[in-house]
Structure formats: C-alpha cells, structure tokens
Amino acid sequence: VPNGADSELQTFMEKLRLGPESRSMDGIMEFELRAFEAIFLTVSGILNKELKSLKPEIELTLKNVLKTGSFSLERLRLVKKDLDHLLSRMQGVQHAFTELLDNDR
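The structure displayed is predicted, hence computed values, not measured ones.

*Asks:* How should I be thinking about the overall build of the chain in this particular structure?
*Replies:* A count of helical and extended segments in the chain gives three helices and zero strands. Taken from N to C terminus, the helices and strands of the chain fall in the order α-α-α. Carbon and sulfur atoms make up 60% of the accessible area of the chain, which totals about 8400 Å².

Laid out in structure tokens, this is it:
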C-alpha cells in the first residue's frame, strides 16, 4: 500500500466486507461485483474529497476576479492546473471502469 493510503484501504475493506444492499437471485452477490462496487465507491470518494479541497481556492480566485476586475495570471494558472489534473484522473478512472465492464461481456 502506498504511503498514506492506509485510511483509503481501510475504507475499501469496510465497503467490501459490508457489501451492497442489492442481492443477486440466490441472495448472495458475487464477490467480483462486490469488489467492483467497493473499488468504485472508494475511488469516487477519494476524487470527491480532492474536488472539495480545491473548491475554496477556485471560489476565492473567481471572487477576486469578479470583485476587483483584475486577477493574478499565476493564481489562475495554478487553479487550472489542479483542475486539469483532477479531470485527467477522473477520465482515467472512467476509462478503467469502462474497460472492466466491456471486458466482462
């Protein structure tokens, strides 16, 4: 486990152990589907936390632009870079899940 990822691993294991509310026909969801759901919930939670941490900086930057009419190009560049990085990670996750689902057919 990468350094600092212990809490995320714990979250994943809890989601995997608990499993979803939905059940298959025989009442037990297959392990693969529970694992897929646990991974999806964990990864989306991580990305959501990252977006929430960026939100105050984005709002402050936009507020300064609207309020003063002037802005720091460097600040805008940094905010854009952070958002681009997050978007890239989200697209990578989307691609990975799409590949998994397509390969399961």
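Back to the text.
*Asks:* I would appreciate a short explanation of a nonpolar patch on the surface in the present structure.
*Replies:* Together, Leu51, Leu83 and Met90 line one region of the surface with nonpolar side chains, adding up to about 210 Å² of accessible area. Position of Leu51 relative to the elements: it lies in helix H2 (residues 31–68). Exposure remark for Leu51: the relative accessible area of 36% places this residue in the partly exposed category.

*Asks:* What is the right way to read the nonpolar core from this model?
*Replies:* Grouped burial of nonpolar side chains is what soluble globular proteins tend to show. With five residues, the main nonpolar core is built from Leu47, Leu54, Ile58, Val79 and Leu86. When residues of this core are assigned to their parent elements, the largest contribution, three residues, is made by H2. Those residues in contact with Ile58, other than ones at most four positions away along the chain, are Val79 and Leu83.

*Asks:* Just checking my understanding: could you explain the pattern of salt bridges for this structure?
*Replies:* Here the idea is simple: oppositely charged side chains can pair when their charged atoms come close. Going through the model one piece at a time under the given rule, you end up with five salt bridges. Glu57 serves as the salt-bridge partner of Arg75, at 2.9 Å between the closest nitrogen and oxygen. One end of the pair, Arg75, is in helix H3 (residues 73–103); the other, Glu57, is in helix H2, and 18 residues separate them in sequence. Look at Arg75 and you get partly exposed, because its relative accessible area is 29%. Overall, the relative accessible area of 32% leaves Glu57 in the partly exposed class. Between Glu74 and Arg77 there is a salt bridge, and its shortest N-O distance comes to 2.8 Å. Linking Glu74 with Arg77, this pair stays in helix H3, spanning three residues, or about one helical turn. Classification of Arg77 as partly exposed rests on a relative accessible area of 44%.

*Asks:* So what exactly am I meant to see when it comes to H3 here?
*Replies:* Side chains three or four residues apart in an α-helix point the same way, a direct result of the helix having 3.6 residues per turn. Taking 1.5 Å per residue, 31 residues should reach 45 Å; H3 reaches 44 Å between its end C-alpha atoms and fits that length. Among all positions in H3, only Val79, Leu86 and Phe97 are buried. The secondary structure elements touched by the buried residues of H3 are H2.

So, how was this worked out
- Residues numbered from 1 in each chain as written.
- Predicted model: local features only at pLDDT ≥ 70, side-chain atom pairs only at ≥ 80, totals over all residues.
- Heavy atoms only, no water.
- Helix = DSSP H or I, 4+ residues; strand = E, 2+ residues; numbered from the N terminus.
- Areas by Shrake-Rupley, 256 points an atom, 1.4 Å probe, with all protein chains shown as cover.
- Patch = residues over 30% accessible without salt bridge, like charges linked within 9 Å, V, L, I, M, F, W, Y side chains within 5 Å.
- Salt bridge = Lys/Arg side-chain N within 4 Å of Asp/Glu carboxyl O.
- Buried < 20%, exposed > 50% of the residue type's maximum accessible area, 1.4 Å probe, protein only.
- Core = buried A, V, L, I, M, F, W, Y, C linked by side-chain atoms within 4.5 Å.
- Contact = heavy atoms within 4.5 Å.
- Expected span 1.5 Å × (residues − 1).

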